[in-house]
Amino acid sequence: MFNSTQVSYFTLAAYFDTGSLKYLYFLVVLMLYSCIICANVLLIVVIFANRSLHEPMYMFLCSLFVNELYGSTGVFPFLLVQILSDIHTVSAPFCFLQLYCLHTYGTIELGILAVMAYDRYLAICYPLQYNTRMTSKKVAIFIAVIWLLAFSIVSVTISLSSSLKLCGNSINKVYCDNFSVVKLACYDTSINNIYGLFVTVLTIYASLIFIICTYMRILLVCFSGSKQTRQKAVSTCTPHLASIFSFYLGGFFEITQSRFNMNSVPHMLRIFLSLHFLTCQPLLNPVMYGLKISKIRIKCKSLVLSAVGNILIHSIGYMVDSTNHIETELE
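Structural notes, computed from the coordinates. Bear in mind the structure is a predicted one, so any value in this text is a computation, not a measurement. (Residues numbered from 1 in each chain as written. Predicted model: local features only at pLDDT ≥ 70, side-chain atom pairs only at ≥ 80, totals over all residues. Heavy atoms only, no water.)

**What about the packing of aromatic side chains?**
Enumeration over the complete set of coordinates arrives at 16 aromatic pairs. Residues Phe-10 and Phe-96 carry aromatic rings whose centres are separated by 6.1 Å and whose planes lie at 80° to one another, so their mutual orientation is edge-to-face. Linking Phe-10 in strand β2 (residues 9-12) with Phe-96 in helix α4 (residues 92-125), this pair joins segments that are 86 residues apart in sequence. Taken together, a centroid distance of 6.0 Å and an interplanar angle of 55° make the contact between Trp-147 and Phe-151 tilted. On the criterion of helical spacing, the pair formed by Trp-147 and Phe-151 is a turn pair, its members being 4 residues apart in helix α6 (residues 136-162). A network of ring pairs unites the aromatic residues Phe-60, Tyr-118, Tyr-121, Tyr-126, Phe-142 and Phe-210 as a single cluster. Positioned above the aromatic ring of Tyr-126, the side-chain terminus of Arg-133 is 4.4 Å from the ring centre. (Phe/Tyr/Trp six-rings, centres within 6.5 Å; stacked < 30°, edge-to-face > 60°. Helix = DSSP H or I, 4+ residues; strand = E, 2+ residues; numbered from the N terminus. Lys NZ or Arg CZ within 6 Å of the ring centre and 35° of its normal.)

What follows is the structure, encoded as structure tokens:
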């Protein structure tokens, strides 16, 4: 039996020898991470640069995209290093840092999705009172509370986990996972389990029940409302519902894999399922909202075309200047 302070590193047992294919996997993960960064940064810039998008829904979306960058940065650079490495270990401090990053990412995601459901509920069910009920000040308060609450909740989780006495250092994952660390404990983990259950109920189940209730009210209004109301609901709620479904599906895979024996499932499929909510969600959200919401799509197209036009103008100008310079030297 040894104290967790004596564990200097953890071994990530889910990695296996892929031979020369590791370079292919590295390129795939690098391309995926690059797409996530470009897509989320583009939409953040578009929302901040256009005053017409300084509305509650777009502010919540901006917070969502910032969180996608935060969460993906907590896992993708780490995966890239591990893919090329022959020894798959991670230092204990970095492991707990990654735990903190990934758990805060998930908690913030759930909070933002829940408050976005409330925002859609107000916009569709109380359109005339929307601007007074959802002010810029309230939006800022909602976002600040979600982020601060997530950091506070996860700080307690990491504090409890890092103080455990561990009887091993092997984690059967491709990244650090809190439940996997807790399973290595040498003695009773009742406090961790009780707090973990409290956090699960508070973040996952409470937010899901709240989202279901708000959408039930939205459906009632849509069925009894006009065609325009239904069209507005479909255009703004479809990407939100798809995002909720994707995140909860990924969370379900992760919880199932952590709690139950999944040895009968192919190894590569287990790795993919464990990474689903960390890889698909950060790319899915900006793509869905960027394509589905017309205001964002138009502004994105305008920004991209403007950037491409400027690049072409500068390139042509450079070529003309180079040609003139060569002609001058020849004369």
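There is more to say, and it comes next.
**Quick word on the packing of α4 against helix α10 (residues 267-292)**
The contact between α4 and α10 brings their axes to 12 Å, and the two run at 35°. Judged by the twist between their axes, the crossing of α4 over α10 is left-handed. Here Leu-102, Tyr-105, Glu-109 and Met-116 of α4 come into contact with α10, specifically with Phe-277, Leu-278, Gln-281, Pro-282, Asn-285 and Tyr-289. In terms of residue class, the contact of α4 with α10 is built from 7 nonpolar, 2 polar and 1 charged. (Axes fitted to C-alpha atoms, helices over the stretch in contact; angles between N-to-C directions. Left-handed = near helix turned anticlockwise from the far one by under 90°. Contact = heavy atoms within 4.5 Å. Nonpolar A, V, L, I, M, F, W, Y, C, P; charged D, E, K, R; others polar.)

**With respect to the pattern of salt bridges**
Taken as a whole, this structure holds 4 salt bridges when the rule is applied. The closest approach of N and O atoms between Lys-173 and Asp-177, which form a salt bridge, is 3.6 Å. As far as the burial class goes, Lys-173 and Asp-177 line up, both buried. Ionic pairing is found between Lys-173 and Glu-254, a salt bridge with its closest N-O pair at 2.5 Å. On the criterion of sequence distance, the pair formed by Lys-173 in the loop between β5 (170-171) and α7 (178-182) and Glu-254 in helix α9 (residues 227-259) is long-range, its members being 81 residues apart. (Salt bridge = Lys/Arg side-chain N within 4 Å of Asp/Glu carboxyl O. Buried < 20%, exposed > 50% of the residue type's maximum accessible area, 1.4 Å probe, protein only.)

**Description of the layout of surface pockets**
Approximately 1000 Å³ is the volume attributed to the largest pocket. Among the elements of the structure, α4, α6, α7, α8 (190-224), α9 and α10 are those that each provide at least two residues to the lining of the largest pocket. The leading source of residues in the lining of the largest pocket is α8, at 11 residues. Looking at the lining of the largest pocket, its residues break down into 22 nonpolar, 13 polar and 3 charged. The class makeup of the residues in the lining of the second largest pocket is 15 nonpolar, 6 polar and 3 charged. (1 Å grid on protein atoms, 1.4 Å probe; cavity = no way out; pocket = protein on both sides within 12 Å on 5 of 7 lines; lining within 4 Å. Points joined across faces, edges and corners; volume = space filled by probe spheres on them.)

**Things to note about the state of the cysteines**
Considering all chains together, one arrives at 2 disulfides under this definition. The residue that forms a disulfide with Cys-95 is Cys-176, at a sulfur-sulfur distance of 2.2 Å. Handedness here is read from the sign of the S-S torsion; for Cys-95 and Cys-176, about -130°, the answer is left-handed. Separated by 81 residues along the polypeptide, Cys-95 in helix α4 and Cys-176 in the loop between β5 and α7 bring together distant segments of the chain. Cys-176 matches Cys-95 in its accessibility class, with the two residues each being buried. Counting only the cysteines that take part in disulfides, in the order they occur along the protein, gives the pairing 1-3, 2-4. (Disulfide = S-S within 2.5 Å.)

**Structural notes on the environment of Ser-246**
In this fold, Ser-246 is placed in helix α9. Classification of Ser-246 as buried rests on a relative accessible area of 8%. Sequence-wise, Ser-246 and His-276 are 30 residues apart; in three dimensions their C-alpha atoms are separated by 8.7 Å. Within the local environment of Ser-246, its side chain forms a polar contact with the side chain of Gln-281, the two groups lying 3.0 Å apart. (Polar contact = N/O pair within 3.5 Å; in protein donor to acceptor, adjacent residues only side chain to side chain.)

**Brief notes about the pairing of β2**
Successive side chains on a regular strand alternate, one facing one side of the sheet and the next facing the other. Alternating residues of β2 divide into Phe-10 and Leu-12, all buried, and Tyr-9 and Thr-11, none buried. Of the strand pairs in this sheet, β2 and strand β3 (residues 89-91) are connected by 3 bridges, and their pairing is antiparallel. Bridging across to β3, Thr-11 finds its partner in Thr-89. Relative to β5, β2 runs parallel, the two sharing 2 bridges. Counted as the bridge partner of Leu-12 is Ile-171 from β5. (Pairing = 2+ DSSP bridges.)

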